[in-house]
Amino acid sequence: MPTPATGGSREAPVRRRRARPSPSERRERNAALRFISPWIVGFVVFTAWPILYSAYLSLTDYDVINDPTFVGLDNYREMAQDPKVALSLWNTLVYTVVQVPLYTVVALALALLLNQAARSAGFFRTAFFIPKMTPPVAVGVLLLLLFNGQYGIVNEVLSWVGIQGPSWTTDQDWIKPGLVLISLWTVGSAVIILLAALRNVPNDLYDAARVDGAGFWRRTRAVTVPMISGALFFVVVINTIAGFQMFTEAYSAYFGAGNSTYRNDAALFYVIYLFQEGFQELHMGYASALAWLLFVVIMLVTVVQLVVSRRLVYYEGEQR
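Conventions and cut-offs
Residues numbered from 1 in each chain as written. Predicted model: local features only at pLDDT ≥ 70, side-chain atom pairs only at ≥ 80, totals over all residues. Heavy atoms only, no water. Helix = DSSP H or I, 4+ residues; strand = E, 2+ residues; numbered from the N terminus. Rg over C-alpha atoms; globule rule 2.2 N^0.38 Å. Buried < 20%, exposed > 50% of the residue type's maximum accessible area, 1.4 Å probe, protein only. Contact = heavy atoms within 4.5 Å. Areas by Shrake-Rupley, 256 points an atom, 1.4 Å probe, with all protein chains shown as cover. Salt bridge = Lys/Arg side-chain N within 4 Å of Asp/Glu carboxyl O. Patch = residues over 30% accessible without salt bridge, like charges linked within 9 Å, V, L, I, M, F, W, Y side chains within 5 Å. UniProt positions renumbered as here; feature names shortened; annotations may be inferred. Axes fitted to C-alpha atoms, helices over the stretch in contact; angles between N-to-C directions. Parallel < 35°, antiparallel > 145°, perpendicular 65-115°, else oblique. Left-handed = near helix turned anticlockwise from the far one by under 90°. Phe/Tyr/Trp six-rings, centres within 6.5 Å; stacked < 30°, edge-to-face > 60°.

**Some words on the overall build of the protein**
Secondary structure assignment for the protein yields 14 helices and two strands. Here the C-alpha atoms of the protein give a radius of gyration of 27 Å, more than 25% beyond the 20 Å that 2.2 N^0.38 yields for 320 residues. Principal-axis analysis of the C-alpha atoms places the extent of the protein at approximately 95 × 75 × 45 Å. A burial count over the protein gives 35% of its 320 residues as buried. Nonlocal contacts in the protein, meaning residues at least 24 apart in sequence, comprise 67% of its contacts between residues at least 6 apart. Summed over all atoms, the accessible surface of the protein reaches about 20700 Å², with 63% contributed by carbon and sulfur.

Here is the structure:
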């Protein structure tokens, strides 16, 4: 029948009925769900529920002993006026901004050297990765031994070339650089990741670059880095998140039990302050609010990195 608006006929759209899964498809789906059900239960119980419950606790006054008392946004208002929140965020940001680029450059340099090794590659891969297995608490103690201003090994080596080393563990200006340098102790994991990416770069690209007269640095900048940019981006993102969550090494070195010699606000990172509020002062509601602020900061930084990566990261087979 003609419609008043068009004066013509309009055919009703044909709706395709969704095909029901066959018995074999249903069996496969049910089998897959049974296989991943332990992970689903673990995620809900040990990850999703704690996250949601911490969101509720961030709106309460909770001291672990008594029942939570709902206070609304008071914890977040207190955070805006707490000077230690700003201090710890600043310390964490400075550490992350310095540590992540240095860590990535050192890892890339070692991976490039290791990529040139032949028979000894397996030995060096193991040698680079073993320090990663060192407990973080031991790394914090190692920091105090290596960077002690009076008898530390680092200052002793610097004295051999006529340089008077600073007080790494007590001087506010040198505490974060010392922590950045000690973080290179665990650079081996990133070296292994980047080495795997380097082994996948086609040799044809290097041959073409050599024919064009490109030297080592030119080949590295124009071929190597773009081809492993995906792995580099992964290392940067993971270490950025780890930098914002810096805790164990700094806490064991500067805030451990009975440690009053090396306490310094320059080492007060955000997660350390969160831990102090939650587990030492028993301000668990306030600590939950601090945790959610950290979550938002990390999420925003990661989103920015993902947006920037669209222009800088190359994935093989990607159409632009």
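Right, picking up where we left off after that structure.
**A short note on the pattern of salt bridges**
Close approach of charged atoms lets side chains of opposite charge pair. Under the definition given, this model contains two salt bridges. Asp 74 is the salt-bridge partner of Arg 77, the closest N and O atoms lying 2.7 Å from each other. Of the two residues, Arg 77 and Asp 74 both sit in helix α2 (residues 74-81), three residues apart, roughly one turn of that helix. Take Asp 74: its relative accessible area is 40%, and that puts it in the partly exposed class. Taking the shortest distance from any N to any O, the salt bridge between Arg 210 and Asp 207 comes out at 3.2 Å. Of this pair, Arg 210 and Asp 207 both sit in helix α9 (residues 203-211), three residues apart, which is roughly one turn of that helix. Accessibility expressed as a relative area gives 45% for Arg 210, which makes it partly exposed. Among the residues examined, Asp 207 registers a relative accessible area of 39% and is labelled partly exposed.

**Description of a nonpolar patch on the surface**
On the surface, a nonpolar cluster with roughly 1100 Å² of combined accessible area is contributed by Leu 33, Phe 35, Ile 36, Trp 39, Ile 40, Val 41, Phe 43, Val 44, Val 45 and Phe 46. For Phe 43, the location among the structural elements is in helix α1 (residues 23-57).

**Some points on the side chain of Ser 288**
Checked against the element boundaries, Ser 288 lands in helix α14 (residues 284-312). Accessibility expressed as a relative area gives 7% for Ser 288, which makes it buried. Ignoring any residue separated from it by four or fewer positions in sequence, one finds Ser 288 in contact with Ser 54, Leu 57 and Ser 58.

**Considering the UniProt feature "transmembrane region" (unreviewed entry) in the protein**
According to UniProt, the "transmembrane region" (unreviewed entry) feature falls on residues 31-52, 93-114, 135-154, 174-201, 222-244 and 289-308. Taken end to end, residues 93-114 has its terminal C-alpha atoms 31 Å apart, with 100% of it in helix and 0% in strand. The span residues 289-308 carries 100% helix and 0% strand; its end-to-end C-alpha distance comes to 29 Å.

**Some points on the packing of α9 against helix α10 (residues 216-227)**
The contact between α9 and α10 brings their axes to 10 Å, and the two run at 165°. Viewed along their axes, α9 and α10 adopt a mutual orientation that is roughly antiparallel. For the pair α9 and α10, the sense of crossing is right-handed. Contacts between α9 and α10 involve Leu 205, Tyr 206, Ala 209 and Arg 210 from the first element and Arg 219, Val 223, Thr 224 and Met 227 from the second.

**A short note on the packing of aromatic side chains**
Across all of its chains, the model carries 13 aromatic pairs by this definition. When the centroid spacing of 5.9 Å and the interplanar angle of 35° are considered together, the rings of Tyr 53 and Tyr 56 count as tilted. Taken as a pair, Tyr 53 and Tyr 56 lie in helix α1 at a separation of three residues, close to a single helical turn. We classify Tyr 56 as partly exposed; its relative accessible area is 36%. Relative to Phe 269, the ring of Tyr 95 has its centre 5.3 Å away and its plane inclined at 70°; by these criteria the two rings are edge-to-face.

**As for unusual backbone geometry**
Although it is not a glycine, Val 64 adopts a positive phi angle of roughly 75°. With respect to the helices and strands, Val 64 occurs in the loop between β1 (60-61) and β2 (69-70). For Val 64, a relative accessible area of 41% corresponds to the partly exposed category. Positive phi values are uncommon outside glycine, yet Leu 282 reaches one of about 60°.

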